[in-house]
Amino acid sequence: MLRTLSRTGSKPKKFLPSVSLFVVASRGDKPINLERPSPRIPLELIELVFSLLPWGICTRSTLSLALTSGFALASRICRQIVFKYFFRSIRLQDASWARIIKILSISRARARSLDGFTIIRELYTNPAHIIKDCVELRRLTDLQYLRLDFGKEGLQTQHPVCQRLFPNLASSKLSDLVIDMIPRIDRTLLSFISTTFPRLKTLKLSVTGRLTVDRECVCWCCFEDILECCMHSPIPDSYGDANLLAESYAAALQPLHQLTKLELGIFLSDEHMIYEHITHPAEDNEVNYIATSPYNCAICYVFRQEVRAKEELASGIVFQNLPNLCQIKWSTFFDRPNPEDELESSARRLKSFRSGWALFERRDGRVVRL
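Sequence positions are assigned chain by chain, starting from 1 and proceeding in written order. In keeping with the model being predicted, local features are shown solely for residues with a pLDDT of at least 70 and side-chain atom pairs are shown and tallied solely at 80 or more, while totals for entire chains, interfaces and linings include all residues. As a rule here, side-chain values come from all non-hydrogen atoms in the structure, and water together with hydrogens is ignored.

Asker: Which parts of the structure should I look at to understand helix 7 (residues 158–165)?
Answerer: Because the α-helix completes a turn every 3.6 residues, residues three or four places apart line up on one side. Inspection of helix 7 places Gln158, Val161, Cys162 and Leu165 among the buried residues, and these make up the whole buried set. With its buried residues spanning 100 degrees around the axis, helix 7 presents them on a single face. In this analysis, two residues are considered to be in contact whenever any of their non-hydrogen atoms come within 4.5 Å of each other. Where helices and strands are cited, they refer to DSSP runs of H or I of at least four residues and of E of at least two residues respectively, numbered from the N terminus. Contact partners of the buried residues in helix 7: helix 6 (127–130), strand 5 (145–149) and helix 8 (187–196). Burial classification: accessible surface area is computed with a 1.4 Å probe over protein chains only, and a residue below 20% of its type maximum counts as buried, one above 50% as exposed, and the rest as partly exposed. Relevant arc is that of directions from the helix axis to the C-beta atoms, nothing else.

Structure representation (structure tokens):
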């Protein structure tokens, strides 16, 4: 039996009420339910929809945090789901760390929970954005991945910053640590990291990432200033040779029994090589230029075999001292069998300083260069 029902108000109203019409289909032997049905969507389906949303946007205070407000205010369940996905991976590009702390603290207080910020699993940031409230990092008990950009730090500020940040993360479950643009990699830094984060499985530190060229000025004078602000080549000033460097680094990393991947962004070539390269004439006879590093320099090509032998020797020593290590990377100028195989365009030569990675793996007890 089909009946058409009209839902209108029985009392007189000042304004004309809107009329909503709908059809109810029922069997003749059962009473008619005049109330509009209220379907319930399974919680699992709601969470699946939220998981498909682009939560990887950067946490830029007002804009990105405002995007979650509508979902979070729908219900307590929606708020928990939103927080779970939005705060799982935090990418701080400004000083919004204090606001995130406040939001999560209020949420924890309402839930009467004494746990830390367990929903945060990944954190990408600059130390300057979290150094003020670094004590709050102790609440990231389930943090697994940390990536720091030390581009604004110098040789004198690197260690004090690490001393303030790392102890506050010691209680976390950190398994992957990445530090980009760090001014120096030495035994002190590696020892501090290995004793503070003994559960690390992946460690990536890079100094050579700082060797970028300003597009507005490509002269060697400006680039030489960049070279002086970091220890890109520890040999021979800090370590006499690759053997001593590898033994020192391996000894500092001994506490990392679970470490499987190690990436060290330093050159194992002698420091003087890059400075001598500056004096080599340009093939195109330009007055102000930056060649694509010793990689494509015919004069520097004579160092290729020597540098590659150092990289293999150092990798073997580190593998020998870290039994669970499977892969190691070093920054290098000679990352191809033949430097002439890859020709760089003139546009790129004016914008970048060519360097790559020397990748080694342990296979059946042997050191294999990939």
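Asker: Sorry if this is basic, but what is going on with the confidence of the model for the protein here?
Answerer: Caution is warranted with low-pLDDT regions, since their predicted coordinates should not be read in detail. Confidence scores per residue from the predictor, reported as pLDDT, run from 0 to 100. Taken over all residues, the pLDDT of the protein has a mean of 77, while the share at 70 or more is 71%. This stretch, residues 12–25, has a pLDDT under 50; its non-local contacts, to residues over four places away or in other chains, come to 23 contacts. In the predicted structure, residues 57–63 sits below a pLDDT of 50 and forms 23 contacts with residues beyond four places in sequence or in another chain.

Asker: Can you walk me through the packing of aromatic side chains in this structure?
Answerer: Given two aromatic rings, their pairing is described by the distance between the two centres and the angle made by the two planes. In this scheme Phe, Tyr and Trp rings, the latter by its six-membered ring, pair at centre separations within 6.5 Å, and the angle between planes marks the pair as stacked below 30 degrees, edge-to-face above 60, and tilted otherwise. On inspection of all chains with the given rule, the structure shows five aromatic pairs. A ring pair is formed by Phe166 and Phe192, whose centres lie 5.8 Å apart and whose planes are at 45 degrees; its orientation type is tilted. Taken together, the residues Phe166 in the loop between helix 7 and strand 6 (176–180) and Phe192 in helix 8 connect sequence positions 26 residues apart. For the pair shown, Phe166 and Phe192 are each scored as buried. Geometrically, the ring pair formed by Phe166 and Phe197 is edge-to-face, given 5.4 Å between the ring centres and 70 degrees between the ring planes. Of this pair, Phe166 sits in the loop between helix 7 and strand 6 while Phe197 sits in the loop between helix 8 and strand 7 (202–206); the two residues are 31 residues apart in sequence, bridging distant segments of the chain. The class of Phe166 is buried, set by a relative accessible area of 0%. A relative accessible area of 2% places Phe197 in the buried class. The rule for a charge over a ring is simple: NZ of Lys or CZ of Arg within 6 Å of the ring centre, and within 35 degrees of the ring normal. Lying across the ring of Tyr124, Arg91 places its NZ or CZ 4.0 Å from the centre. A cation over an aromatic ring shows up here: Lys329 above the ring of Trp357, its NZ or CZ 5.7 Å from the ring centre.

Asker: Just to check I follow, could you spell out helix 12 (residues 304–321) for this structure?
Answerer: In a helix, the anticipated span is given by 1.5 Å times the number of residues less one. Taking 1.5 Å of rise per residue, the 18 residues of helix 12 would be expected to cover 26 Å, and the 26 Å separating its terminal C-alpha atoms lies within 8% of that figure. Listed in full, the buried residues belonging to helix 12 are Arg304, Val307, Arg308, Lys310, Glu311, Ala314, Ser315, Ile317, Val318 and Phe319. Residues of helix 12 that are buried make contact with helix 10 (242–252), strand 8 (261–267), strand 9 (327–332), strand 10 (356–363) and strand 11 (366–369).

Asker: What's the story with the pattern of salt bridges in this structure? I'm lost.
Answerer: Pairing is possible between side chains that carry opposite charge, provided their charged atoms lie close to one another. When a carboxyl oxygen of Asp or Glu lies within 4 Å of a side-chain nitrogen of Lys or Arg, that pair is called a salt bridge. Following the criterion strictly, the structure yields nine salt bridges and no others. Residues Arg147 and Asp180 are paired through a salt bridge, measuring 2.7 Å at the closest nitrogen-oxygen approach. On the criterion of sequence distance, the pair formed by Arg147 in strand 5 and Asp180 in strand 6 is long-range, its members being 33 residues apart. We note a salt bridge from Asp186 to Arg184, for which the minimum N-O separation is 3.0 Å. One exposure class covers both Asp186 and Arg184, and it is buried. What you see here is one network of salt bridges that share partners, running through Asp270, Glu306 and Lys310.

Asker: Where do I start with the sheet that holds strand 5 in this structure?
Answerer: The mixed open sheet is built from nine strands, whose spatial order is 3-4-5-6-7-8-9-10-11. The open sheet is flanked by strand 3 (89–91) and strand 11, the only strands paired with a single partner. Here the average twist between neighbouring strands, direction ignored, is 10 degrees. The pairing criterion is simple: DSSP has to find at least two bridges between the two strands. Pairing analysis gives five bridges linking strand 8 to strand 9, with the strands arranged parallel. The residue bridging Lys261 from the neighbouring strand is Gln327, located in strand 9. Across the sheet, helix 8 lies against strand 6 and strand 7, angled at about 155 degrees from strand 7, the strand it touches most. Only the contacting stretch of a helix is used when fitting its axis, a line to C-alpha atoms as for every element, and angles between N-to-C directions run 0 to 180 degrees.

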